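# A look at the structure
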Amino acid sequence: MFLVLFACNFGTAPDPADNADRFFDVPAGATARGLGASLAAEGLVPSASDWTWFLRTGADGSCIKAGRHKVRRSMTASALLTSLCGAPVPKDEPFTVVEGWRIREIDEALAAKGWIQAGEYAAAVADVSAYRLPFERKAADPKANNSLEGYLYP
């Protein structure tokens, strides 16, 4: 008969000196146990099996929430689980459309942020017939071309 002992250090962090904030994405439908390999690959836990043993010792992994979570390698397993069970960090990033900007200027600003390829926004708003407008456009209107230029408000 053999007795195998596993040495799992749940009370210590994988890298106590690394306090850099990182983001870890929990996919929709993921389970705490299913995250073990990803957490280990990111250096957030020593190994996937250590994470599984931590959960088996009574840690409640049923509370994890899908989304992006701020974590650090200096977190203990317990602190990591608390972070994964907390509210996800929003992926919002502010963007201001300055009043008076033309479509091409909005397009350039979005492309400069890397959110679109140059010309994508201009192409998306180029054809008025693709949108249901809450107002009627008059044929005699000098802006009555086939563009939303002059009708978009920041």
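Residues numbered from 1 in each chain as written. Predicted model: local features only at pLDDT ≥ 70, side-chain atom pairs only at ≥ 80, totals over all residues. Heavy atoms only, no water.

### Topic: the overall build of the protein chain
Across its full length, the protein chain carries 5 helices and 2 strands. Element order for the protein chain, N to C, with α for helix and β for strand: β-α-α-β-α-α-α. Per-residue burial over the protein chain gives 24% buried out of 154 residues. Total accessible area computed for the protein chain in this model is approximately 10,300 Å², and 54% of it derives from carbon and sulfur atoms. (Helix = DSSP H or I, 4+ residues; strand = E, 2+ residues; numbered from the N terminus. Buried < 20%, exposed > 50% of the residue type's maximum accessible area, 1.4 Å probe, protein only. Areas by Shrake-Rupley, 256 points an atom, 1.4 Å probe, with all protein chains shown as cover.)

### Concerning the side chain of His-69
By secondary structure assignment, the location of His-69 is in strand 2 (residues 67-71). Its relative accessible area of 1% is what places His-69 among the buried residues. A distance of 2.7 Å separates a polar side-chain atom of His-69 from the backbone oxygen of Lys-65. Contact partners of His-69, with chain neighbours within four places excluded, come to Arg-22, Phe-23, Phe-24, Val-26, Ser-83, Leu-84, Gly-86, Ala-87, Pro-88 and Val-89. (Polar contact = N/O pair within 3.5 Å; in protein donor to acceptor, adjacent residues only side chain to side chain. Contact = heavy atoms within 4.5 Å.)

### Structural notes on helix 4 (residues 103-113)
Structural remark: α-helix, 3.6 residues per turn; residues separated by three or four positions point the same way. By the burial criterion, the buried members of helix 4 are Ile-103, Ile-106, Asp-107, Ala-109 and Leu-110. Around the axis of helix 4, the buried residues are gathered within 165° of arc, so they sit on the same side. Tucked into the core, helix 4 has its buried residues touching helix 5 (120-124). Note on helix 4: the residue one or two positions beyond its end, Gly-114, has a positive phi of about 85°. (Arc of directions from axis to C-beta.)

### Quick notes on the state of the cysteines
Here the structure, examined in full by the defined rule, presents 1 disulfide. Each disulfide pairs two cysteine sulfurs, and for Cys-63 the partner residue is Cys-85, the sulfurs being separated by 1.8 Å. Disulfide Cys-63-Cys-85: torsion about the S-S bond near 60°, hence right-handed. Note that Cys-63 is positioned in the loop between helix 2 (48-56) and strand 2 and Cys-85 in helix 3 (residues 77-85), a separation of 22 residues in sequence. Note on Cys-85: relative accessible area 13%, which makes it buried. (Disulfide = S-S within 2.5 Å.)

### Here we look at the confidence of the model for the protein chain
On average, residues of the protein chain score 83 in pLDDT, and 84% of them are at 70 or above. Note on residues 1-7: pLDDT is under 50 here. Beyond four places in sequence and across chains, it has 2 contacts. (pLDDT = per-residue confidence, 0-100.)

### Section: the packing of aromatic side chains
Inspection of the entire model under this criterion finds 2 aromatic pairs. Ring centres of Trp-51 and Phe-54 lie 5.5 Å apart, and the angle between their planes is 35°; on these two criteria the pair is classed as tilted. With Trp-51 and Phe-54 both in helix 2 and 3 residues apart, this pair spans about one turn of that helix. On the basis of relative accessibility, which here comes to 8%, the residue Phe-54 falls in the buried class. Sitting over the ring of Trp-53, Arg-56 keeps its end group 5.4 Å from the ring centre. Here the basic side chain of Arg-68 rests over the ring of Phe-23, its NZ or CZ set 4.2 Å away from the ring centre. (Phe/Tyr/Trp six-rings, centres within 6.5 Å; stacked < 30°, edge-to-face > 60°. Lys NZ or Arg CZ within 6 Å of the ring centre and 35° of its normal.)

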